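Letter by letter, the chains look like this.
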Amino acid sequence: MGGLIESRKRILKWFAGFLGGMLVLTLVSRGIYANGLPRVSVENPGRMAIEHVVEKAGNVKGSGELAVNVAEGLRVSEVFVVPGERIEEGTALFSLDGEYLEGKVREQERGIAKLELQVATLEGNLELAGEEKNVEMSRAGEDAVRSVDQAQKALDRALADEAAARAQLQEHLNKNLKLTSEEERRRQEEAYQEWKARLSQGTQEVKSASGRVRELQRRAEGLQAEIDALKKKIADAQGNSSGSDGGKVEGTGTEGAQDGGSGSVSGNGVAEGAQESEAGQDGGSGDGGSGGSGGDEKEEVEAWKAELAGKEAELSQVKKELAEAGYAQEDISEEVGALQGNAPGQPDFTSEDAQWESWMSTRKSLEDKIVAAQRTVEDAQDALEKAKLEADRGLEDSMRPEQSDSTLGIYRLDLEAEREELGKLEELVKADGVICAEQAGIVTRVGVAAGEYTPAGAAVVFADTEKPLQFEVILDKEDKKYVNQGSSARVSIGSGETEVTVDYLTEEESSPGSFRALMNLPEGVGTIGQSGSFRLSVQSELYNCCISIDALHTDENQRNFVYVLGERSGILGKELTAEKLMVEVLDKNNRYAALQSGALDENSRIISAADRDFAEGDPVRMKE
């Protein structure tokens, strides 16, 4: 009896140690699994406004400019100023080549002499005009008769063309075309569309049935895995219930003898009795096999067996549903195949419509030909009337005195202008060719160079220092969305900062997509050419669903999405997973993005950062 109790204690201690080892291994494996999961930080969408900041570098420039112009094509001998130089009234800007200037004066004098000869020639020609007038009157009568005759012939040809066009149209209208009625076309189209709808519905049902089969297959595989695990646990538990000499417990105890005989132990050391038999009438007690496991172990094994039976029953039901789903899939596939094999073909009236369109096109062409012929007749009639009218007027005009010719007057004006230009050149010669400033300012551009010729435009441009300075920046198309004329901004020049207003904003003609913005500076702020920076901040409306820009992602199709936390059962029990959710971005800057409300709310947990990469559906865990 004492040996039996000691044996049971050893078995219980061994089993307890085994369970403890299994617990430690389970905890270690779960710890390793959990440590390998991506650690993520989450945030909840909030209500906020999106700030857009535009920052650009710019320069100070003058708001008013004055130009110094001289005659084009004069050679420059020396330039006395450079851009950025402050000048006063009377400051020498540049000088002209004296010899070249005198040559231009002589050239101008020759031009004036030439115009004087032309004026004299025109005055002589006017005397000959009277003689030619008589010849013109006689010829005008002949031209009048000829033009009326030609107009009449053109009208006769136009009337003949109109009659021929009407005959061609009538011949074409006599040709009849047989066309399929609209009712028959609708009937054929409705039959084809009905077949397409049935085929589309069948295709969707095939996809749905296939999805159902795959779902049941995954479910059956999962149940089979659970059944295999339970069987292994039961087998391991029974294997660990062996006696002290390593033998397995056979499972049943010996029957208690009526006379108190105890259970026997087989010769190979395996305990054949798992429980003691009660003593018979003579009070004998059975000392049956003591190799069986304790009552708690048996209860656990029985529970596993019961769970195993439930899983096997569930698996049997799933397999049954899987078979039914497979049969349903086959039936639907056969029906879709039959529909595809009996395709009626899409109704095609292209050839018939083409013939009708060709007939109509020919009809339209002939009708247009008639219209054109009618217009030609009308034009010929108008031309005839016009020829008669012009003939009458031509005769009248030939008898009127000639109108004065303005050519002589134009030459006289040109002569006057050339004389004025000569006067300007002579003034330059008197000034020794030196060009001086007429008022104070700052030189911004010099358009002449020593040895070169004066341009058609300004030779020297200088800023008017009496007008306020401006700050100029160039904006791109994205910046322009937040900057408008009248917007308030801040300009930093040197160590100071000034609040300004955008006074002028326009697109650059030479660079489409770029915009020039000008702001008037307060008096005493900045100098021409000084650089600075422009800053403007614009607040959007309040959005209900805003997240950090790091939580927003874009796929290969430029669609926006976020990852939100989901839950599922896994190795650690209830696990967190990364679920992909497509979103619509309403507004964003470099820090935040405003999303369309709907799928997200203030309780949504959006993944904003992770210590490693992950994909949709991967398990994750929260950073502590």
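Residues numbered from 1 in each chain as written. Predicted model: local features only at pLDDT ≥ 70, side-chain atom pairs only at ≥ 80, totals over all residues. Heavy atoms only, no water.

Caption draft 1: Highlighting the overall build of the protein chain. Per the secondary structure count, the protein chain includes 7 helices and 22 strands. Within the span of the protein chain, comprising 624 residues, buried residues form 30% of the whole. Counting only contacts in the protein chain whose residues sit at least 6 apart along the sequence, the fraction spanning at least 24 positions is 74%. As displayed, the protein chain offers around 39500 Å² of accessible surface, 47% of which is attributable to carbon and sulfur atoms. (Helix = DSSP H or I, 4+ residues; strand = E, 2+ residues; numbered from the N terminus. Buried < 20%, exposed > 50% of the residue type's maximum accessible area, 1.4 Å probe, protein only. Contact = heavy atoms within 4.5 Å. Areas by Shrake-Rupley, 256 points an atom, 1.4 Å probe, with all protein chains shown as cover.)

Caption draft 2: Main features of the sheet that holds strand β4 (residues 76-79). Strand order across the open sheet formed by 3 strands is β4-β6-β7, with antiparallel pairing between neighbours. Each of the sheet's edge strands pairs with one partner strand only, and the pair in question is β4 and β7 (434-436). Going from strand to strand, the sheet's axes swing by 25 degrees on average, the running direction of each strand aside. In terms of strand pairing, β4 meets strand β6 (residues 92-96) through 3 bridges, oriented antiparallel. Along β6, the bridge assignment pairs valine 79 with phenylalanine 94. (Pairing = 2+ DSSP bridges. Axes fitted to C-alpha atoms, helices over the stretch in contact; angles between N-to-C directions.)

Caption draft 3: Spatial organisation of unusual backbone geometry. Positive phi values are uncommon outside glycine, yet glutamine 558 reaches one of about 60 degrees. When you line up the elements, glutamine 558 lands in the loop between β16 (553-554) and β17 (560-570).

Caption draft 4: A look at the nonpolar core. Among the nonpolar cores identified, the biggest contains 24 residues, and Ile87, Leu93, Phe94, Leu96, Leu428 and Ile435 are the most heavily contacted of them. Looking at this core, the elements with two or more residues in it are β6, α2 (98-173), α6 (407-430) and β9 (460-463). Excluding anything up to four places from it in sequence, isoleucine 435 contacts Val68, Val70, Thr91, Ala92, Leu93, Phe94, Leu96 and Leu428. Counting 20 residues, the second-largest nonpolar core is a separate cluster that includes Val54, Phe471, Val502 and Leu521. (Core = buried A, V, L, I, M, F, W, Y, C linked by side-chain atoms within 4.5 Å.)

Caption draft 5: A look at the sheet that holds strand β5 (residues 86-87). Spatial ordering of the open sheet is given by β3-β9-β8-β5, a layout of 4 strands whose pairing is antiparallel. Each edge of the open sheet carries a strand with a single partner, namely β3 (65-68) and β5. The pairing of β5 with strand β8 (residues 441-446) spans 2 bridges and is antiparallel. Bridging across to β8, isoleucine 87 finds its partner in glycine 441.

Caption draft 6: Here's a closer look at the pattern of salt bridges. Tallied over the full model, the rule gives 24 salt bridges. Here glutamate 508 makes a salt bridge to arginine 516, at a shortest N to O gap of 2.5 Å. A residue is classified by how much of its surface remains accessible, and arginine 516, at 22% relative accessible area, is partly exposed. In this structure, arginine 612 engages aspartate 611 in a salt bridge whose closest nitrogen and oxygen atoms are separated by 3.6 Å. Arginine 612 gets classed as partly exposed once you look at its relative accessible area, which sits at 37%. (Salt bridge = Lys/Arg side-chain N within 4 Å of Asp/Glu carboxyl O.)

Caption draft 7: Layout of the side chain of aspartate 479. Examined against the element boundaries, aspartate 479 turns out to sit in helix α7 (residues 477-480). Within the local environment of aspartate 479, its side chain forms a polar contact with the side chain of lysine 56, the two groups lying 3.1 Å apart. The contact partners of aspartate 479, leaving out residues within four places of it in the chain, are Val54 and Lys56. (Polar contact = N/O pair within 3.5 Å; in protein donor to acceptor, adjacent residues only side chain to side chain.)

Caption draft 8: Broad picture of a negative patch on the surface. A cluster of acidic residues, Glu205, Glu330, Asp331, Glu334 and Glu335, forms a negative patch on the protein surface. Residue contributions to the negative patch peak at 4 residues, all from helix α4 (residues 295-341). With respect to the secondary-structure elements, glutamate 205 resides in helix α3 (residues 182-239). (Patch = residues over 30% accessible without salt bridge, like charges linked within 9 Å, V, L, I, M, F, W, Y side chains within 5 Å. Lys, Arg positive; Asp, Glu negative; His and termini not counted. Charge placed at Lys NZ, Arg CZ, Asp CG, Glu CD.)

Caption draft 9: Here's a closer look at a nonpolar patch on the surface. A cluster of nonpolar side chains, contributed by Leu177, Leu179 and Trp356, occupies part of the molecular surface with about 250 Å² of accessible area. Here leucine 179 is to be found in the loop between α2 and α3.

Caption draft 10: Summary view of the environment of threonine 577. Summarising the element assignment, threonine 577 is placed in strand β18 (residues 573-582). For the pair threonine 577 and glutamate 567, spaced 10 residues apart in the sequence, the C-alpha separation amounts to 5.7 Å. Among the polar contacts listed, one links the side chain of threonine 577 to the side chain of glutamate 579, at a separation of 2.7 Å.

Caption draft 11: Local environment of the confidence of the model for the protein chain. Looking at the protein chain as a whole, the pLDDT averages 79, with 84% of positions reaching at least 70. Confidence, expressed as mean pLDDT per element, reaches its minimum in the protein chain at helix α1 (residues 2-35) with 63 and its maximum at β16 with 93. Throughout residues 243-292 the model reports pLDDT below 50, and contacts reaching past four residues in sequence, or to other chains, amount to 74 contacts. (pLDDT = per-residue confidence, 0-100.)

Caption draft 12: Representation of the pairing of β6. Within β6, 4 of the 5 residues are buried, which leaves it mostly tucked inside the rest of the structure. For β6 and β7, the ladder comprises 3 bridges, and the chain directions are antiparallel. Residue pairing for β7: alanine 92 is matched across the bridge by cysteine 436.

Caption draft 13: Spotlight on the packing of aromatic side chains. Considering all chains together, one arrives at 4 aromatic pairs under this definition. For the pair tyrosine 563 and phenylalanine 614, a centre-to-centre distance of 4.9 Å together with 65 degrees between the ring planes defines the contact as edge-to-face. Of this pair, tyrosine 563 sits in strand β17 while phenylalanine 614 sits in the loop between β21 (606-610) and β22 (619-622), and the two are 51 residues apart along the sequence. We note that tyrosine 563, like phenylalanine 614, is buried. An aromatic cluster of at least three residues, connected via ring pairs, comprises Phe561, Tyr563 and Phe614. Positioned above the aromatic ring of phenylalanine 515 is the side chain of lysine 480, whose terminal nitrogen or guanidinium carbon lies 5.6 Å from the ring centre. (Phe/Tyr/Trp six-rings, centres within 6.5 Å; stacked < 30°, edge-to-face > 60°. Lys NZ or Arg CZ within 6 Å of the ring centre and 35° of its normal.)

Caption draft 14: Region of interest: the state of the cysteines. Inspection of the entire model under this criterion finds 0 disulfides. Sulfur of cysteine 546: no disulfide; nearest cysteine sulfur belongs to cysteine 545 and is 7.0 Å away. On the basis of relative accessibility, which here comes to 4%, the residue cysteine 546 falls in the buried class. (Disulfide = S-S within 2.5 Å.)

Caption draft 15: Summary view of α6. With 24 residues, α6 ought to run about 34 Å at 1.5 Å a step, and its terminal C-alpha atoms sit 35 Å apart, in line with that. Among the residues of α6, those classed as buried are Leu408, Leu415, Leu422, Leu425 and Leu428. (Expected span 1.5 Å × (residues − 1).)

Caption draft 16: Representation of the environment of glutamate 567. If you trace the backbone, glutamate 567 turns up in strand β17. Counting along the chain gives 52 residues from glutamate 567 to proline 619, while the straight-line C-alpha distance between them is 8.7 Å.

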